[in-house]
Amino acid sequence: MHVGTPAKVAEKKVAGIAIPVIDVAVEHFTYQGNPLGRLELHASQFEQDILLDHLRLTNPDGVLLVNGKWGVSPAQTHAVVNLTLNDIGKVLDRSGYPNSVKNGSGTLSCDFVWAGSPAEFALPNLDGHLKLKMAKGQFLKLDPGAGKLLSVMSLQALPKRIALDFTDVFSQGFEFDSINGVAQIRQGVLTTSDFKINGSAAQVTLSGQVDLNRETQSLRVKVLPTIGDSVSLLALAAVSPAVGAGVFLANKIFRDPLDKLVSFEYNVTGSWVDPKVEKVGQVKASLKIHPLSESRRTCPPQAPHSPV
């Protein structure tokens, strides 16, 4: 670890406890053998509170910014975390989770509160909320539990536990165009009602709970497979080229109705390492051909032109 500027430490007593006021910059910060980049830390005191004015961790792949407050009476820590990701895969590599995500960019914003000092952080006491936005990446093949919460998000447990009703797009690594979700955290249990993962092969919505401390889940997963142009044409052109072309044009005119014909729903419960997957629903939509309106049916035929 190379220290870029010397640390400035001044001790002050808060409620009889010696609290250091710190101003530190570390040019090359390493944690558990992982190079994380440049670290800047400044903490100060205001009355009975210790303030984390900022903790900034910067590298070419992303920026982590944390600020917050440690209240001594009552003892409580409040932390606001903002993570900007230029390359999600490389950030995870630096964090000890190599080969879990390829590419991707996005932001993660969190607001956490727990009882006690920063050193007394414990998941069962954690409250708060988070917001996640990601774009243009791919989940790589993960062993369940190895990537912890990533293994839940990647949905690779689905094809491993049941015979899916659609093309297996998860086991080899799901490519996503966007991931958007918000969640509340209460005593270490994360709850979400609208967590969406959109990709070229499928659209996925997750709702339910994830216990961060016990590493268990109780989720409803809705999968809407995307039927592309090639599927429409190849499948139907085999029956009739005219039918295939007609369906293709109708699909484009009516904004891809074939993509909404079938969706599948699953309950995913149990541990992150050994999840239980149960199919609970399949929704099929029907395409209705509306008859001609009454006015059009009763409209008299045009008389033929008289010969000249």
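Up top you'll find the structure we're talking about.
The rules behind each value
Residues numbered from 1 in each chain as written. Predicted model: local features only at pLDDT ≥ 70, side-chain atom pairs only at ≥ 80, totals over all residues. Heavy atoms only, no water. Helix = DSSP H or I, 4+ residues; strand = E, 2+ residues; numbered from the N terminus. Contact = heavy atoms within 4.5 Å. Buried < 20%, exposed > 50% of the residue type's maximum accessible area, 1.4 Å probe, protein only. Phe/Tyr/Trp six-rings, centres within 6.5 Å; stacked < 30°, edge-to-face > 60°. Pairing = 2+ DSSP bridges.

Q: Honestly, the side chain of D211 in this entry has me stumped. Any pointers?
A: The topology assignment puts D211 in strand β11 (residues 202-211). Not counting chain neighbours up to four residues away, the residues in contact with D211 comprise G188, V189, T216 and W272.

Q: Quick question: what am I supposed to make of the environment of L41 here?
A: Topologically, L41 is positioned in strand β3 (residues 34-46). We classify L41 as partly exposed; its relative accessible area is 22%. Once the C-alpha coordinates of L41 and A25 are considered, the two residues, 16 residues apart in sequence, prove to be 6.4 Å apart.

Q: Can you help me understand the packing of aromatic side chains in this one?
A: Any two aromatic rings considered together are summarised by their centre-to-centre distance and by the angle between their planes. Going through the model one piece at a time under the given rule, you end up with 2 aromatic pairs. Plain terms: the ring middles of W114 and F121 are 4.9 Å apart, the flat faces sit at 85 degrees to each other, and that makes the pair edge-to-face. Measuring from ring centre to ring centre gives 5.2 Å for F139 and F176, while their planes differ by 50 degrees; the resulting arrangement is tilted. Taken as a pair, F139 in strand β8 (residues 127-139) and F176 in strand β9 (residues 175-186) lie far apart in primary sequence, 37 residues in all. Residue classification places F139 among the buried residues on the basis of a relative accessible area of 0%.

Q: Teacher, can you tell me more about the pairing of strand β5 (residues 62-71) here?
A: Regular strands show a simple pattern: their side chains alternate between the two faces of the sheet. Bridge count between strand β4 (residues 49-59) and β5: 9 bridges; the pairing is antiparallel. Each residue of the ladder has a partner; that of L52, found in β5, is G68. Linkage of β4 to β5, two consecutive antiparallel strands, is achieved through a turn of 2 residues. Relative to strand β6 (residues 76-85), β5 runs antiparallel, the two being bridged by 10 bridges. In the sheet register, L64 faces β6, and the bridge partner there is L83. Linking β5 to β6, which pair antiparallel, is a turn of 4 residues.

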